[in-house]
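# Architecture and fold: a report
Residues per chain are reported as follows:
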Amino acid sequence: MPMKPPRICGCGYAIAANTECPCEAKKSKERKARSDSKRPSSSKRGYDSTWQKDRAAYLKAHPTCRRCGSPATVVDHIIPHKGNQKLFKDRSNWQPLCTNCHSSAKQKAERKLVTR
């Protein structure tokens, strides 16, 4: 199988295909840190002790991932609530997911919706 040739990074170095240049990694880390510093705490976003109790009860009643059938560990909001407390607390907007499905497939699907 043919291999991709190295690419030239903006800093001028040749980087192997499908890898990140150290300068790109540094910029990405700094950008994520700036974004996280502006984000409210989890409790201010609604994920308080009440949420933890409701989440545990929901996972007990719905123990398997809706996407793959493995044990569910995350209560996901089907429609992102974006701070809307009514939508946040609406149990019909909840779905049980495993960490893998929530962190990969669901996030990809949400990114596609945002870019369109």
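Check the entry above for the structure.
The present account deals with the structure reproduced in this document. Please read these numbers as outputs of a predicted model, since none were measured by experiment.

### Observations concerning the packing of aromatic side chains
Per the counting criterion, the structure on display carries 5 aromatic pairs. A ring pair is formed by Trp51 and Phe88, whose centres lie 5.1 Å apart and whose planes are at 45°; its orientation type is tilted. With Trp51 in helix 2 (residues 49–61) and Phe88 in helix 3 (residues 85–89), this residue pair connects regions lying 37 residues apart in the sequence. Like Phe88, Trp51 is buried. Between the aromatic rings of Tyr58 and Trp94, the centroid separation amounts to 5.4 Å while the plane-to-plane angle is 85°, which identifies the pairing as edge-to-face. On the criterion of sequence distance, the pair formed by Tyr58 in helix 2 and Trp94 in strand 4 (residues 94–97) is long-range, its members being 36 residues apart.

### So, unusual backbone geometry
Phi is positive for Asn18, close to 60°, though the residue is something other than glycine. Residue position: Asn18 is located in the loop between strand 2 (14–15) and helix 1 (22–38). In this model, Lys82 sits at a positive phi of 45°, which is unusual for a non-glycine residue. Within the fold, Lys82 resides in the loop between strand 3 (74–77) and helix 3. Relative accessible area serves as the criterion here: at 72%, Lys82 is assigned to the exposed category.

### Observations regarding the pattern of salt bridges
Scanning the entire structure with this criterion turns up 2 salt bridges. Between Arg7 and Glu24 there is a salt bridge whose closest N-O contact spans 2.7 Å. With Arg7 in strand 1 (residues 7–8) and Glu24 in helix 1, the pair connects residues that are 17 residues apart, well separated along the chain. Residue classification places Glu24 among the partly exposed positions, given a relative accessible area of 26%. In this structure, Asp54 engages Arg91 in a salt bridge whose closest nitrogen and oxygen atoms are separated by 3.4 Å. Separated by 37 residues along the polypeptide, Asp54 in helix 2 and Arg91 in the loop between helix 3 and strand 4 bring together distant segments of the chain.

### What to know about the environment of Gly46
In this fold, Gly46 is placed in the loop between helix 1 and helix 2. In this structure Gly46 comes out as buried when scored by relative accessible area, which is 11%. Sequence separation between Gly46 and Ala16 is 30 residues, and the spatial gap between their C-alpha atoms is 43 Å. Excluding residues within four positions of it along the chain, Gly46 makes contact with Trp51, Gln85 and Phe88.

What counts and how
- Residues numbered from 1 in each chain as written.
- Predicted model: local features only at pLDDT ≥ 70, side-chain atom pairs only at ≥ 80, totals over all residues.
- Heavy atoms only, no water.
- Phe/Tyr/Trp six-rings, centres within 6.5 Å; stacked < 30°, edge-to-face > 60°.
- Helix = DSSP H or I, 4+ residues; strand = E, 2+ residues; numbered from the N terminus.
- Buried < 20%, exposed > 50% of the residue type's maximum accessible area, 1.4 Å probe, protein only.
- Salt bridge = Lys/Arg side-chain N within 4 Å of Asp/Glu carboxyl O.
- Contact = heavy atoms within 4.5 Å.

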